[in-house]
Amino acid sequence: MKVLVPVKRVVDSNTKVRAKADETGVDLANVKMSMNPFDEIAVEEAVRLKEKGVATEVVVVSCGASSSQETLRTALAVGADRAILVDCGDADLQPLAVAKLLKAVSDKENPQIIIAGKQAIDDDANQVGQMLAALQGWPQVTFASRVDVADGKVKVTREIDGGLETLEASLPAVITADLRLNEPRYAKLPDVMKAKKRPLDTTTPAELGVNVTPRLKTLKVSEPPKRQGGGKVADVADLVNKLKNEAKVI
Amino acid sequence: MSAEREIMEFDVVIVGGGLSGLSAAIRLKQLAAEAGKELEVCVLEKGSEVGAHILSGACFEPTTLTELIPDWKEKGAPLTVPTIDDNFILLTERRAIKMPTPPQMENEGNYIISMANLCRWLGEQADALGVQIFPGFAAAEVLYDEAGGVRGVATGDMGIGKDGQQTANYQPGYELTAKQTIFAEGCRGSLTRDLFERFDLRKDAQPQTYGVGIKEIWEIEPAKHKPGKLVHTIGWPLGAATYGGSALYHMENNQIAIMFVVGLDYKNPWLSPFEEFQRFKTHPAIRPLLEGGRRLAYGARSLSEGGFQSIPKLTFPGGLLIGDTAGFLNVPKIKGGHTAMKSGMLAAEAVFEHLQKEDAGTEVTAYSDNIRKSWLWKELYEARNIRPSFRWGMWFGLGYSALDTYLFRGRAPWTFSILPDHEEIEEKEFHPKIDYPKPDGVITFDRLSSVFLSNINHEENQICHLRLRDESAPVNINLKKYAAPETRYCPAGVYEILGEEEGNPRLQINAQNCLHCKTCDIKDPTQNIRWTTPEGGSGPNYPNM
Ligand SMILES: Cc1cc2nc3c(=O)[nH]c(=O)nc-3n(C[C@H](O)[C@H](O)[C@H](O)COP(=O)(O)OP(=O)(O)OC[C@H]3O[C@@H](n4cnc5c(N)ncnc54)[C@H](O)[C@@H]3O)c2cc1C
Ligand SMILES: Cc1cc2nc3c(=O)[nH]c(=O)nc-3n(C[C@H](O)[C@H](O)[C@H](O)COP(=O)(O)OP(=O)(O)OC[C@H]3O[C@@H](n4cnc5c(N)ncnc54)[C@H](O)[C@@H]3O)c2cc1C
Ligand code: SF4
């Protein structure tokens, strides 16, 4: 059984992002990029399925600029067998376009399970997995915190308000990974070396027959207003005075 | 330590992916390709990626880069801002007095660069030549063979909890063995320090002395920005007794690098390099430049200031030292980038030749000879008296530097001697406490909000990498005699004294804030603090520093 894992190259989670001075977007110049943390979890789960003998091959795919190869190598170093880069240059990729690209890849690869991250930490859209399932006409189980595969079915546990919910879906299916699904392993040094030799194929949206022209327009990206420092009031009278005349709330 | 460590064999292992280490790796691969030989070279880098731990000025002399990669322009090296306008200024509290630029500080033909980005680019070049680069793996231990020579290094174990127990993610370190191991750890390398002791490499050298450089990147109003402009200042806010100064470089995209260096031979234990820097930014000649701008990045790193007379023995059986861990920094020029690269290339050439021999694991003495024959040696020799002359204060230093430079051209028949920095610090009674102004949150900041901009990643559940030899010294010596100087010299606020009001003082170490600058390892009065490598990938994630 083949597992396909889409992985996205995003701003590293340790980085403090800032809006560009002209408010057209997030400033990505000189910013460290890494694999979306939820995708690391998705890769780890796929590799564990392989180690358990459930899966036979783990294929990772990323849509983005050629720099996404680095992200794919990271996935190869922790146990993925093969990688596919959908080279989109510096095109502005939106969730629907990514879902369509992934569907095209999936049609060629015929995986039984697709494990995506529940959301990418840059845009926080939480859409790709769901759109992909809809495009495929496959069942979807989102926010997985436990995955068990048996007899052509997958049982997925989800953390919901006040408890756990367990769903069962028939395969093929799309699963999206939540934070507590597993704790990704450290890459092993020899595997980092081997990852460089594992196959990494490149394709393009044109080859896949997908139009990735954006449909949504970003009007403005701005930073949250700076928090005003607090001040100490001398007594109740001062407080009332300030509320009335400075804050103008009473 | 673990029994079941896997062994990986290479021809050459390089510890540190800075300019020196990457230049050595590239040169080795070039030589191997020219000779049609196979050569397995790997580079270990403790940062999460190449460049993540690199902090420098940087005004860069491209001569050595041209020697290494003549077509660097075509290959897209990140050298895009030529220096144009050089200024040397003496600050008093209110005034800024323009001085003639000393010849060592003249910068024609140089570039204002991000050294971190230059390292990233060199990393790509090295990768393309087949060098195995392992970012996120720290060399934690030197490995010795039976005869006592170096046979490689071991990476640290991953996944050991605070309590010293293995976590679910435990992964033992690896032993990387090689015929020659090149140590390129940059200023105050943690393994280099062990090698100094083991092979007594500092026997004939003066003690190394250091400075700590604290740096911020600002985006300023376009009208105030002039790409390629350089400003160096000395004087205020440091008193004439403390060596130090600032550098302010206009980079691209309306960004400026602004940094402040304080000589770690300072005597007053109340001094805080961080606060001196913050105060510096409020000078009437500096503040207007920053007003209306925003701070983008923060970091700190030590640099070697000993120069020529502090260079240790460079080779030992199975290994050698290159770059700033050996102290190849030209202090009056405040440049160590081109010298780091040169030493790396010279080492590579000597090592490559040596590897053709039967006994490839012996000492590569040819490297030291090559260094002595190179322009690098001459350059450092001529600059040797300038920094030490500042021991007698700024005015003497300035006067002597002028004399040394213009009259003797570095050929004065004497060489000044130096003391180790930690011995220079004096007890708190002898010095006035310094009252630093409170940060305004606009131009000046506190340390915590600064460290926030260093993008630190540090797995909290790991053993503290700042080791104390004597657990009682922080209170019984540091606090009692020196008013706990580590709470002030650490630019990240890692050290705090808690419980003083209750009469039960103790040292708290916030290791997760560590910027890997190594100042504590240098300046602790009794050398009680030892900086060791935390889990690979820990530490800052510097952008274009
Ligand atoms: C300014 C800008 C810069 C961009 N730079 C890049 C870049 O450097 N690299 C890049 O890959 N994309 C880049 N993109 C593309 C774009 O951000 C996303 O592909 C798209 O917006 C979907 O992300 P999301 O947060 O909406 O996805 P979500 O729906 O939140 O993502 C959920 C999951 O879907 C999968 N997924 C999402 N996107 C991808 C993908 N591209 N490839 C594989 N799996 C994916 C992952 O498993 C992810 O966890 C950029 C977009 C913009 C606007
Ligand atoms: C504030 C400041 C300003 C400066 N300005 C200039 C300037 O304008 N021009 C100039 O030419 N020079 C300047 N320098 C000096 C210059 O930055 C250094 O001389 C140069 O970086 C030295 O290169 P290196 O390769 O020896 O060490 P580094 O650049 O320090 O690189 C060492 C690398 O090794 C890694 N490492 C260390 N120990 C280990 C280990 N045990 N395991 C794995 N990895 C390890 C580190 O993470 C780092 O990436 C400045 C320095 C400072 C601090
Ligand atoms: S703990 Fe030491 S090495 Fe770390 S930031 Fe502070 S002074 Fe620098």
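One structure accompanies this document, and this report is about it. No experiment lies behind these values; they were computed from the predicted model shown. (Residues numbered from 1 in each chain as written. Chains lettered and ligands numbered in written order. Predicted model: local features only at pLDDT ≥ 70, side-chain atom pairs only at ≥ 80, totals over all residues. Heavy atoms only, no water.)

### Description of the side chain of N14 of chain A
Okay, so step 1: Position of N14 of chain A among the secondary structure elements: in the loop between β2 (9–11) and β3 (33–35).
Okay, so step 2: Note on N14 of chain A: relative accessible area 17%, which makes it buried.
Okay, so step 3: Setting aside residues no more than four positions away along its own chain, N14 of chain A makes contact with N455, I456, N457 and N541 of chain B. (Helix = DSSP H or I, 4+ residues; strand = E, 2+ residues; numbered from the N terminus. Buried < 20%, exposed > 50% of the residue type's maximum accessible area, 1.4 Å probe, protein only. Contact = heavy atoms within 4.5 Å.)

### Looking at the sheet that holds strand β14 (residues 174–177) of chain B
All names here are of chain B.
Okay, so step 1: Taken together, the four strands give an open sheet; going across it, the order is β1-β14-β11-β10, and neighbouring strands pair in mixed fashion. This sheet does not close on itself; its edge strands, each paired only once, are β1 (6–9) and β10 (139–144). On average, each strand axis in the sheet is tilted by 25° relative to the strand beside it, whichever way the strands run.
Okay, so step 2: Direction of pairing for β1 relative to β14: parallel, over a ladder of four bridges. Residue pairing across strands places E6 opposite Y174, the latter belonging to β14. (Pairing = 2+ DSSP bridges. Axes fitted to C-alpha atoms, helices over the stretch in contact; angles between N-to-C directions.)

### A look at the packing of helix α1 (residues 19–35) of chain B against helix α7 (residues 337–355) of chain B
Residues and elements named next belong to chain B.
Okay, so step 1: For the pair α1 and α7, interaxial distance at closest approach is 7 Å and the crossing angle is 35°. Read as a crossing pair, α1 and α7 show a hand that is right-handed. Residues L19, S20, S23, A24, R27, L28, L31, A32 and A35 of α1 touch α7, and the partners they reach there are G337, A340, M341, G344, M345, A348, E349, V351 and F352.
Okay, so step 2: For the contact of α1 with α7, the residue count by class is 12 nonpolar, four polar and two charged. (Left-handed = near helix turned anticlockwise from the far one by under 90°. Nonpolar A, V, L, I, M, F, W, Y, C, P; charged D, E, K, R; others polar.)

### What to know about empty space enclosed by the protein
Where empty space is left becomes clear once a probe the size of a water molecule has been rolled over the atoms.
Okay, so step 1: For the structure on display, the rule yields four cavities of 30 Å³ or more.
Okay, so step 2: Size it by volume and the largest cavity reaches roughly 170 Å³.
Okay, so step 3: Around the largest cavity, the lining is made up of 18 residues, and of these R18, N30 and V31 of chain A together with N455 and P543 of chain B lie nearest the centre.
Okay, so step 4: Classifying every residue of the lining of the largest cavity by side-chain character gives eight nonpolar, six polar and four charged.
Okay, so step 5: Of the voids in this model, the second largest cavity is the one considered here, and its volume is about 80 Å³.
Okay, so step 6: Along the wall of the second largest cavity there are 14 residues; nearest its centre are C490, C514, L515, C517 and C520 of chain B.
Okay, so step 7: Here the residues of the lining of the second largest cavity are counted per class, giving 11 nonpolar, two polar and one charged. (1 Å grid on protein atoms, 1.4 Å probe; cavity = no way out; pocket = protein on both sides within 12 Å on 5 of 7 lines; lining within 4 Å. Points joined across faces, edges and corners; volume = space filled by probe spheres on them.)

### Observations concerning the nonpolar core
Residue and element names in this part refer to chain B.
Okay, so step 1: In terms of nonpolar packing, the biggest core is built from 123 residues, with I14, L28, L122, F134, F183 and Y367 touching the most fellow members.
Okay, so step 2: Here this core takes 10 residues from α7, the largest share from any one element.
Okay, so step 3: Not counting residues up to four positions away in its chain, the partners in contact with L28 are V12, I14, L39, V41, I182, A348, V351 and F352.
Okay, so step 4: Ranked by size, the runner-up nonpolar core spans 70 residues in total, among them C59, V81, I286 and Y489. (Core = buried A, V, L, I, M, F, W, Y, C linked by side-chain atoms within 4.5 Å.)

### Some details on the sheet that holds strand β4 (residues 57–64) of chain A
Residue and element names in this part refer to chain A.
Okay, so step 1: Spatially, the nine strands line up as an open sheet ordered β9-β8-β7-β10-β6-β1-β4-β5-β11, and their pairing is mixed. Edge positions in the sheet fall to β9 (163–170) and β11 (200–203), since each of these pairs with one other strand and no more. Across the sheet, the mean angle from the axis of one strand to that of its neighbour is 30°, orientation sign disregarded.
Okay, so step 2: Most of the contacts of helix α1 (residues 37–51) go to strand β6 (residues 113–117), to which it runs at about 150°, and overall it touches β1 (2–6), β4, β6, β7 (140–150) and β10 (173–177).
Okay, so step 3: Along the sheet, helix α2 (residues 68–77) makes contact with β4, β5 (82–87) and β11, crossing β5 at roughly 165°.

### Focus on the interface of chain B and chain A
Okay, so step 1: Counting from both sides, the interface comprises 31 residues of chain B and, opposite them, 21 residues of chain A.
Okay, so step 2: In total, chain B and chain A occlude about 2,300 Å² of area from one another, counting both sides; carbon and sulfur atoms represent 52% of this.
Okay, so step 3: Seen at the junction of chain B and chain A, the total is two salt bridges.
Okay, so step 4: Elements that contribute at least two residues to the side of chain B that touches chain A include exactly β1, α3 (115–128), β9 (132–135), β12 (158–160), β13 (166–171), β14 and β20 (294–304) of chain B. (Buried area = accessible area lost by both parts, 1.4 Å probe. Salt bridge = Lys/Arg side-chain N within 4 Å of Asp/Glu carboxyl O.)

### A closer look at the pattern of salt bridges
Okay, so step 1: Tallied over the full model, the rule gives 46 salt bridges over all chains.
Okay, so step 2: With a closest N to O distance of 3.6 Å, K196 of chain A and D127 of chain B form a salt bridge. Of this pair, K196 of chain A sits in the loop between α5 (189–195) and β11 while D127 of chain B is found in helix α3, placing the two residues in two different chains.
Okay, so step 3: When its relative accessible area of 40% is taken as the criterion, D127 of chain B is described as partly exposed.
Okay, so step 4: Close ionic contact of E67 of chain B with K342 of chain B constitutes a salt bridge, the shortest N to O distance being 2.7 Å. In this pair, E67 of chain B sits in helix α2 (residues 63–68) while K342 of chain B sits in helix α7, placing the two residues 275 residues apart along the sequence.
Okay, so step 5: Since its relative accessible area comes to 39%, E67 of chain B is described here as partly exposed.
Okay, so step 6: The exposure class assigned to K342 of chain B is buried, which follows from its relative accessible area of 10%.
Okay, so step 7: Where salt bridges share partners, they join K2, E57, R82 and E109 of chain A into one cluster.

### So, helix α14 (residues 473–482) of chain B
Residue and element names in this part refer to chain B.
Okay, so step 1: What α14 keeps buried is the set A473, P474, V475, N478, L479 and Y482. Along the axis of α14, the buried positions cluster into a sector of 165°, meaning they face one direction only.
Okay, so step 2: Just past α14, the residue A483 takes up positive phi, approximately 55°. (Arc of directions from axis to C-beta.)

### Examining the environment of V240 of chain A
Okay, so step 1: Along the polypeptide, V240 of chain A turns up in helix α7 (residues 236–245).
Okay, so step 2: Sequence spacing of V240 of chain A and K103 of chain A is 137 residues, and the spatial spacing of their C-alpha atoms is 62 Å.

### Examining the site of ligand 2
Residue and element names in this part refer to chain B.
Okay, so step 1: With respect to spatial proximity, 38 residues lie near ligand 2, and among them S20, E45, S56, C59 and D324 are the closest.
Okay, so step 2: At 2.7 Å, a backbone N or O of D324 approaches an oxygen atom of ligand 2.
Okay, so step 3: A distance of 2.9 Å separates an oxygen atom of ligand 2 from a polar backbone atom of G337.
Okay, so step 4: Within the complex, 97% of the 1,000 Å² of free accessible area of ligand 2 lies under protein.
Okay, so step 5: Looking at the shell around ligand 2, the elements with two or more residues in it are α1, β3 (41–45), β20 and α7.
Okay, so step 6: When residues of the shell around ligand 2 are assigned to their parent elements, the largest contribution, three residues, is made by β20. (Near = heavy atom within 4 Å. Polar contact = N/O pair within 3.5 Å; in protein donor to acceptor, adjacent residues only side chain to side chain. Areas by Shrake-Rupley, 256 points an atom, 1.4 Å probe, with all protein chains shown as cover.)

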